[in-house]
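The residues making up each chain are set out below.
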Amino acid sequence: MMNKNVENAINQQVNREEFSSRLYLAMAIWCESNGFPGAAGFLYKHAEEERIHMLKLVHYVADRGGQAKLLPMEEPTQTYNTLLDLFGEILKHEMFITGSINELYGIALKENEFTTANFLQWYITEQVEEEALFSTILDKIKLVGSDKAGMFHIDKELEGMAMAKAVTNVGA
Ligand code: OFO
């Protein structure tokens, strides 16, 4: 049976991953209605990935003989000023998630839950990738500033990244 403190902290992480999915869905919706179809496609895909992050935790709790709890969620921000703003918010959010995973890992170690600590390694690696991905995108957006042609290219690039993700998922 899993330690109660660890189980509670995992449930909180379930909530945060679920919120990430909802936040990126809200952002995708904004992008779609504000002339960024590529960014929208990319974020719709990313919202699905966050749902997978959430489900991995849910199944882990079940495998350990527990039952994951779904906690209430706040409404995500649904309007943004610019694409730069939006991706800035994503990077901030991912840094918060990294902190949350690290905290959860710390709780697992403190409670001698080494199986959970081992399981969390995947999330620790994933967060390195998430932060790297979003800071790269953010740097590109900063570079083009308000140049319309540059923004168009970035949107196309994001569309390509979403398609590459779809192909990778099919192959997986
Ligand atoms: Fe689940 O990695 Fe982003 O939030």
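In short, a report on the structure.

Calculation rules
- Residues numbered from 1 in each chain as written.
- Predicted model: local features only at pLDDT ≥ 70, side-chain atom pairs only at ≥ 80, totals over all residues.
- Heavy atoms only, no water.
- Core = buried A, V, L, I, M, F, W, Y, C linked by side-chain atoms within 4.5 Å.
- Buried < 20%, exposed > 50% of the residue type's maximum accessible area, 1.4 Å probe, protein only.
- Helix = DSSP H or I, 4+ residues; strand = E, 2+ residues; numbered from the N terminus.
- Contact = heavy atoms within 4.5 Å.
- Expected span 1.5 Å × (residues − 1).
- Axes fitted to C-alpha atoms, helices over the stretch in contact; angles between N-to-C directions.
- Parallel < 35°, antiparallel > 145°, perpendicular 65-115°, else oblique.
- Nonpolar A, V, L, I, M, F, W, Y, C, P; charged D, E, K, R; others polar.
- Left-handed = near helix turned anticlockwise from the far one by under 90°.

A closer look at the nonpolar core
- Residues Cys 31, Leu 43, Leu 83, Leu 86 and Phe 87 are the most contacted members of the largest nonpolar core, which totals 27 residues.
- Within the residue set of this core, elements represented by two or more residues are helix H1 (4-33), helix H2 (37-63), helix H3 (83-110), helix H4 (114-144) and helix H5 (148-171).
- Element by element, the count of residues in this core is highest for H1, at seven residues.
- Leaving out residues up to four positions away in the same chain, Cys 31 has contacts with Phe 36, Pro 37, Ala 39, Ala 40, Leu 43, Leu 83 and Leu 86.
- Core analysis: the second largest hydrophobic core is formed by 15 residues, Ile 10, Tyr 60, Ile 101 and Tyr 123 among them.

So, H3
- Helix length check: H3 (28 residues) gives 41 Å between terminal C-alpha atoms against 40 Å at 1.5 Å per residue, within 8%.
- Of the residues one or two after H3, Asn 112 is the one with positive phi, at around 55 degrees.

Comments concerning the packing of H1 against H3
- The N-to-C vectors of H1 and H3 enclose an angle of 170 degrees; their axes lie 10 Å apart at closest approach. Regarding the angle of H1 to H3, the classification is roughly antiparallel.
- Looking at side-chain class alone, the contact of H1 with H3 contains 18 nonpolar, five polar and four charged residues.

Re the packing of H2 against H3
- In contact at an axis separation of 13 Å, H2 and H3 are set at 15 degrees when each is read in the N-to-C sense. Judged on the interaxial angle alone, H3 and H2 are roughly parallel. Handedness of the H2/H3 crossing: left-handed. Facing H2, whose interface residues are Ala 39, Phe 42, Leu 43 and Glu 50, H3 presents Leu 83, Leu 86, Phe 87, Ile 90 and Glu 94.
- Classifying every residue of the contact of H2 with H3 gives seven nonpolar, no polar and two charged.

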